[in-house]
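# Examination of the molecular architecture
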Amino acid sequence: MPPSGSAKFTKHKSAKCTTANVLKLILSVTLALFASSIFVTFNLSTSVKFGDDPTAHAHSLESPRGLRKERETNGIAKNTVPGSQALTNTLTSYEQDLLEWIKGQRKDDKSSSISNLLSTPLEYAPGALPLSQLSTFHHCYTDPSVYSNHLSDGGSKRRAPISEKHKLALVLLPKSGSSTGRFMMQILIDIVHSSFDIRFVSLEPPLNVIAFVREPLSRFFSQYEEAFVRTAPWVKASNPYYIDPSTKKYNQPHPFPYLFENMQSYHDYEDMFCPPSTRFDPNSRRECVDKASAENGTLSRRLERFVRDYDGRNPFDIHLNFQVPLLSNKKGYPIYLTELHNTTNAEGDWKAIAKKYLGEDYEFKNKDGVIEGRSYPRRLNLKLVSAETQRRICGLALIDYCCLNFPLPEVCQDGSGTDKQLFCKIDYDEKAKRVRIQPGLFPDKEQRD
């Protein structure tokens, strides 16, 4: 037997170890509960979830959104939706309107179900649906086999400033009021997170998710000029087509190098739309920033050549991506969106948004109210762009006309000179059990004899 003193020592040591283990266990449980409470509090206060796989939210991202008839709310008209549900046998007033419109188009078909009426595609003119732009968008399908590079090429540049306080997110679309929107979300509304990659953020209730869209033809001219400047061979920052002037090396060749013929710098480009002979002071470039284009047709001819060569499927810069794919997931279905606004009424809509989320008495913090974004005169002379080129642009961007219910501009309504009228189609997808809106023609390279 061990000495009695040794026995006492062993017993005392064992008791101390047991006490220490209990204290460690209590501390671990406390820390776990504390961490859990923080996580739960965060998730209750916001619907922004980091590191999420967007495909995991099948219902919020991929299910069709048959929406109730929109009504004006707090001054935000027609494109604000309080809720959603799929097209079913119990039709809402908005769905009934759509059904009656389809019956009017299918006069010889006595069917009463949408699936039967749309068993074969129904063709119609862009802008003809009796739906708001938002309702139309929620029935859109962006075919990944056609628009894969538009769906995926946005990558991390598809951003969404989010206000956790106001449960408000804005999906930014390049050349569709994104500069104004970014400013308004950062300055007007006190956001915490200025820019999320929407691939890894769950846009779902209780968030209100809004976006601004723009008339596609007008937007295309802005898209082109932005992409032109950003991918010019003299631009070094974030440009895979940059050419080192000393070594002439580049990461990859530009797909349309003729756009920059006889240009080695921005000043060469500037001299084309603001020739020295047209300036008050030929040695000063200051007036060129806000001066109307005085180009002689060189820039507009290069645009026309690009439009003929461009297939509309492979944008070489994010600013050339169409709007609807940027608002869709990789499978081609619309993301969760509760409000859709038009840049033509940006100031009025932003005032209404401020009123809705900030209250009746809110006053703009900046003295000029809503900013207009980075606005400067068009560098192209649009008067020199042919009607044929404009019609082809409408054809390339037809998905935005069809899925946002924009009517075609007058120049694009006339199909003369081509064998293709621009139209949309609506059918019923039996596999997905949803109404499906698509462009009647997909973009492709121009067919030449």
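Whatever comes next refers back to the structure up there.
Residues numbered from 1 in each chain as written. Predicted model: local features only at pLDDT ≥ 70, side-chain atom pairs only at ≥ 80, totals over all residues. Heavy atoms only, no water.

Taking 1.5 Å as the rise per residue, helix α12 (residues 346–358) with 13 residues should run 18 Å; its terminal C-alpha atoms sit 17 Å apart, in good agreement. Among all positions of α12, only Ala346, Asp349, Trp350, Ala352, Ile353, Ala354 and Tyr357 are buried. Directly after α12, the chain includes Gly359, whose backbone phi takes a positive value near 110°. (Helix = DSSP H or I, 4+ residues; strand = E, 2+ residues; numbered from the N terminus. Expected span 1.5 Å × (residues − 1). Buried < 20%, exposed > 50% of the residue type's maximum accessible area, 1.4 Å probe, protein only.)

What follows concerns the pattern of salt bridges. Should their charged atoms come close, side chains of opposite charge can pair. Tallying each qualifying case throughout the model produces 14 salt bridges. For the salt bridge of Arg378 with Glu225, the shortest nitrogen-to-oxygen distance reads 3.3 Å. Taken as a pair, Arg378 in the loop between α12 and α13 (387–396) and Glu225 in helix α8 (residues 216–230) lie far apart in primary sequence, 153 residues in all. Asp271 is the partner of Arg279 in a salt bridge, and the nearest nitrogen-oxygen pair spans 2.7 Å. Since its relative accessible area comes to 7%, Arg279 is described here as buried. For Asp271, a relative accessible area of 25% translates into the label partly exposed. Salt bridges here are not isolated pairs; linked through shared partners, they connect Glu270, Asp271, Arg279 and Arg285. (Salt bridge = Lys/Arg side-chain N within 4 Å of Asp/Glu carboxyl O.)

Moving on, we come to the packing of aromatic side chains. Taken as a whole and assessed by the stated rule, the structure comprises 17 aromatic pairs. A centroid spacing of 6.1 Å and a plane angle of 50° characterise the contact between Tyr224 and Phe228, whose relative ring orientation is tilted. One end of the pair, Tyr224, and the other, Phe228, are both in helix α8, four residues apart, so they sit about a helical turn from each other. When sorted by exposure, Tyr224 lands in the same class as Phe228, which is buried. (Phe/Tyr/Trp six-rings, centres within 6.5 Å; stacked < 30°, edge-to-face > 60°.)

The subject of this paragraph is α8. Helix length check: α8, at 15 residues, gives a terminal C-alpha distance of 20 Å against a target of 21 Å (1.5 Å per residue), a fit within 8%. The buried fraction of α8 is high, at 12 of 15 residues. Listed as buried for α8 are Pro216, Leu217, Arg219, Phe220, Phe221, Ser222, Gln223, Tyr224, Glu225, Glu226, Ala227 and Phe228. Those residues of α8 that are buried are in contact with α9 (266–273), α10 (298–309), α11 (323–326), α13, α14 (398–403) and α15 (410–413). Two or three places before Leu217, at the opening of α8, Glu215 has a side-chain oxygen 3.0 Å from that residue's backbone nitrogen. (Contact = heavy atoms within 4.5 Å. Polar contact = N/O pair within 3.5 Å; in protein donor to acceptor, adjacent residues only side chain to side chain.)

By the element assignment, His319 lies in the loop between α10 and α11. Here the side chain of His319 touches Arg230 through a polar contact of 3.5 Å, side chain to side chain.

If you walk across this open sheet you meet the three strands as β1-β7-β8, and the pairing is antiparallel. On the outer flanks of this sheet lie β1 (122–124) and β8 (434–439), each paired with one strand and no other. Across the sheet, the mean angle separating the axes of adjacent strands is 25° when strand polarity is ignored. Taken together, the three bridges between β1 and strand β7 (residues 424–429) define a ladder with antiparallel strand orientation. Counterpart to Glu123 in the pairing with β7 is Lys425. (Pairing = 2+ DSSP bridges. Axes fitted to C-alpha atoms, helices over the stretch in contact; angles between N-to-C directions.)

What follows covers the environment of Thr343. Structurally, the position occupied by Thr343 is in the loop between β6 (339–342) and α12. A residue is classified by how much of its surface remains accessible, and Thr343, at 22% relative accessible area, is partly exposed. Ignoring anything within four residues of it in the chain, the contact list for Thr343 reads Ser176, Gly177, Phe212, Val213 and Arg214.

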